[in-house]
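Remarks on the overall topology
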Amino acid sequence: MSKKAVLLMLISDDLFDRMKSGNTYKDDCIVPREDLRYLLVLHKDKDGNTHQGEMVVHKLIAEDVLEIFEKLYDADYPIERMVLPDNYMANDEIMMRDNNSSCFNFRFISHTNRISKHGLGMAVDINTLYNPYHKIVKNEDGSEKEVIEPATGKPYLNRSKDFDYKIEKDDLCYKLFTEKGFEWGGDWTDRKDYQHFELPTEITEKYSEKYSKKAE
């Protein structure tokens, strides 16, 4: 693997302090620091400008994600922004509105003791504003509520339109992630998460249970 576009490192003391103060490594985080890796990668925006990006991921996917980003960079695949969620105090909505690409942000799945896939560092979001999350939720009274995240991503739910930073099935980003065993949220039928690539549940559940048991 070429070293020109990618670099993998352990979590340094300075970075760990940044993650704690920025709220991605929260007080109740039970994923060990030593199981996370810090990636520095080059990426290009839609105008061809090169930027240095950063991402924290689980060690299980670190080498694969590095390889994916190197191939995206070499192919001039556009990624607008890639900084740690700590720059946004781990606020997903604000971060997604800024079209930021990221991975690790510790949290539990609501009403469970299972860690979310982003909380494990095993899910990656790419070009989030232009590839929003969408779901129709039924309320207790039978009415329906439309959920769009980020809220400003609504114009990009029409996937028949052509616009910058759009992830499509069979484009290079989709192909590289799925070749490494990731699932794409754009393939889901009960909801759509066009920005989202994650490891299958049978893999992540094993790690979530392991960490949860250690914390008991």
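As shown above, the structure is provided for reference.
Residues numbered from 1 in each chain as written. Predicted model: local features only at pLDDT ≥ 70, side-chain atom pairs only at ≥ 80, totals over all residues. Heavy atoms only, no water.

**Regarding the overall build of the protein**
Regarding its fold elements, the protein presents six helices and nine strands. On C-alpha atoms alone, the protein measures out to a radius of gyration of 17 Å, which is about the 17 Å that the 2.2 N^0.38 rule sets for 216 residues. Dimensions along the principal axes, computed over C-alpha positions, put the protein at roughly 45 × 45 × 30 Å. Burial statistics for the protein: of 216 residues in total, 51% are counted as buried. Pairs at least 24 residues apart make up 61% of the contacts formed inside the protein by residues separated by at least 6 positions. For the protein, the exposed surface amounts to about 10800 Å²; the carbon and sulfur share of it is 47%. (Helix = DSSP H or I, 4+ residues; strand = E, 2+ residues; numbered from the N terminus. Rg over C-alpha atoms; globule rule 2.2 N^0.38 Å. Buried < 20%, exposed > 50% of the residue type's maximum accessible area, 1.4 Å probe, protein only. Contact = heavy atoms within 4.5 Å. Areas by Shrake-Rupley, 256 points an atom, 1.4 Å probe, with all protein chains shown as cover.)

**Here we look at the packing of aromatic side chains**
A full pass over the atoms with the stated rule returns 12 aromatic pairs. Both rings, one in Phe 16 and one in Tyr 25, keep their centres 4.8 Å apart while their planes meet at 70°; by these two values the pair is edge-to-face. Both residues of the pair, Phe 16 and Tyr 25, belong to the buried class. Note on Tyr 130 and Tyr 165: the rings are 5.5 Å apart at their centroids and 35° apart in plane angle, and the pair reads as tilted. Taken together, the residues span a long stretch of sequence, with Tyr 130 in the loop between β4 (123-125) and β5 (133-138) and Tyr 165 in the loop between β6 (144-149) and α5 (172-179) at a distance of 35 residues. With respect to burial, Tyr 130 and Tyr 165 carry one shared label: buried. In this structure, Arg 191 is placed above the aromatic ring of Trp 188, and the distance from its NZ or CZ to the ring centre is 4.0 Å. (Phe/Tyr/Trp six-rings, centres within 6.5 Å; stacked < 30°, edge-to-face > 60°. Lys NZ or Arg CZ within 6 Å of the ring centre and 35° of its normal.)

**Here's the deal with unusual backbone geometry**
Cis geometry marks the peptide bond from Glu 149 to Pro 150, where omega comes out at -5°. Tracing the backbone through its elements, the reader meets Pro 150 in the loop between β6 and α5. We note that Asp 76 has phi near 60°; this positive angle belongs to a residue other than glycine. Mapping Asp 76 onto the fold places it in the loop between α2 (59-74) and α3 (92-97).

**Some thoughts on the pairing of strand β2 (residues 36-44)**
Here β2 lies mainly inside the structure; nine of its nine residues are buried. What you see with β2 is no split at all: Leu 36, Tyr 38, Leu 40, Leu 42 and Lys 44 on one side and Arg 37, Leu 39, Val 41 and His 43 on the other are buried throughout. Across four bridges, strand β1 (residues 6-9) lies against β2 in antiparallel orientation. Directly across from Leu 7, in β2, lies its bridge partner Leu 40. Relative to strand β3 (residues 50-58), β2 runs antiparallel, the two being bridged by nine bridges. Residue pairing for β3: His 43 is matched across the bridge by His 51. A loop of five residues connects β2 with β3, the two strands running antiparallel in sequence, and Gly 48 in this loop sits at a positive phi of about 85°. (Pairing = 2+ DSSP bridges.)

**Regarding the environment of Lys 180**
Looking at the secondary structure, you find Lys 180 in the loop between α5 and β7 (183-184). It is 9.8 Å that separates the C-alpha atoms of Lys 180 and Glu 67, two residues lying 113 residues apart in sequence. A distance of 3.0 Å separates polar atoms of two side chains, one belonging to Lys 180 and the other to Glu 67. (Polar contact = N/O pair within 3.5 Å; in protein donor to acceptor, adjacent residues only side chain to side chain.)

**Description of the nonpolar core**
Core analysis: the biggest nonpolar cluster contains 49 residues, and Phe 69, Val 124 and Ile 126 have the highest contact counts within it. Those elements giving two or more residues to this core turn out to be α1 (13-21), β2, β3, α2, α5 and α6 (201-215). The biggest single contributor to this core is α2, with seven residues. In this structure, Tyr 130, Tyr 156, Phe 163 and Tyr 165 belong to the second largest nonpolar core, which totals five residues. (Core = buried A, V, L, I, M, F, W, Y, C linked by side-chain atoms within 4.5 Å.)

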